[in-house]
Amino acid sequence: MSFIYTKQRENPEAITDLMNSLKKNGFIAPDTAVSDFRHLFTGKTVNNPIRWTTYFGGLLDLFRQLNVNKLIQYEGNNIYKIVCACFVDENGNFFNEIKFRNAKISKIIAPKIIKAVNLMK
């Protein structure tokens, strides 16, 4: 299970722009394939999770911002569960859903996340 990008028709390159921004800021692994990243927004099961290489609160903030701005849709009501299925930490370990519920948003990372999310609008 993954997310669906709600503005795919109006802005088809936005997912690639988001990926490039996340790479540039060191949030995801530099060797992340475009095809794997785009797959996060198809609504289908993710077989190649993306490596998140920094503080996991930033990952949570990214999807909270995408959700608040109505840029993604997903089945069910558990955004954490889907994020955990789509991403792994820098060592390839899956994130714990419970850890996300208590995550703090970094004031240093937040502006970079907002800037990246704005690419999707």
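Position numbers for residues count from 1 along each chain, tracking the sequence in the order it is written. Given that the model is predicted, a residue must reach a pLDDT of at least 70 before its local features are reported, and side-chain atom pairs must reach 80 or more before they are shown or counted; all residues, however, enter totals for whole chains, interfaces and linings. Hydrogen atoms and water are omitted, and side-chain values are computed over all heavy atoms in the structure.

Novice: Quick question: what am I supposed to make of the overall build of the chain here?
Specialist: The helix and strand labels rest on DSSP assignments: H or I over at least four residues marks a helix, E over at least two residues marks a strand, and numbering proceeds from the N terminus. A tally of regular secondary structure across the chain gives six helices and four strands. A compact globule built from 121 residues would reach a C-alpha radius of gyration of about 14 Å, and the chain, at 13 Å, matches this within 12%. Counting only C-alpha atoms, the chain reaches 35 × 30 × 30 Å along its principal axes. For the chain, contacts bridging at least 24 residues in sequence account for 68% of all contacts bridging at least 6. Method for areas: the Shrake-Rupley scheme with a 1.4 Å probe, in which residue coverage is limited to the protein chains shown. Accessible area for the chain stands at about 6700 Å²; split by element, carbon and sulfur atoms hold 50% of it. Note on method: radius of gyration uses C-alpha positions; expected globular size equals 2.2 Å times residues raised to 0.38. Here a residue-residue contact requires only that any non-hydrogen atoms of the pair lie within 4.5 Å.

Novice: Explanation requested: unusual backbone geometry in the structure shown.
Specialist: Most peptide bonds take the trans form, and the phi angle of most residues other than glycine is negative. Although it is not a glycine, lysine 70 sits at a positive phi angle of roughly 55°. Along the polypeptide, lysine 70 turns up in the loop between helix H3 (56-68) and strand S3 (72-73).

Novice: Hey, could you run me through the packing of aromatic side chains in this one?
Specialist: For any pair of aromatic rings, the description rests on two quantities: the centre-to-centre distance and the angle between the ring planes. Pairing of aromatic rings covers Phe, Tyr and Trp, the last counted by its six-membered ring, and requires centre-to-centre distances within 6.5 Å; plane angles under 30 degrees mean stacked, over 60 mean edge-to-face, and any other angle means tilted. Tallied over the entire structure, the rule returns nine aromatic pairs. A ring pair is formed by phenylalanine 27 and tryptophan 52, whose centres lie 5.4 Å apart and whose planes are at 5°; its orientation type is stacked. Note that phenylalanine 27 is positioned in the loop between helix H1 (14-24) and helix H2 (34-39) and tryptophan 52 in the loop between strand S2 (50-51) and H3, a separation of 25 residues in sequence. Burial here depends on accessible area, computed with a 1.4 Å probe over protein chains only, as a share of the maximum for the residue type. Under 20% is buried, over 50% is exposed, and the range in between is partly exposed. Given a relative accessible area of 1%, tryptophan 52 falls into the buried group.

Novice: What's the story with the state of the cysteines in this structure? I'm lost.
Specialist: What we call a disulfide is simply a covalent bond connecting the sulfur atoms of a pair of cysteines. Throughout, a disulfide means two cysteine sulfur atoms within 2.5 Å of one another. The tally for this structure, following the rule as stated, stands at zero disulfides. As a non-bridged cysteine, cysteine 86 has cysteine 84 as the owner of its nearest cysteine sulfur, 9.3 Å distant.

Novice: Got a minute to help me understand the nonpolar core in this structure?
Specialist: Buried together is how nonpolar side chains tend to be arranged in soluble globular proteins. With 38 residues, the main nonpolar core has Phe37, Phe41, Trp52, Phe63 and Phe87 as its most contacted residues. Elements represented by at least two residues in this core include exactly H1, H3, helix H4 (79-86) and helix H6 (110-118). Excluding residues that lie within four positions of it along the chain, phenylalanine 37 makes contacts with Ile15, Leu18, Met19, Leu22, Ile28, Thr32 and Ile50. The criterion is simple. A nonpolar core is a set of buried Ala, Val, Leu, Ile, Met, Phe, Trp, Tyr and Cys residues joined through side-chain atoms within 4.5 Å.

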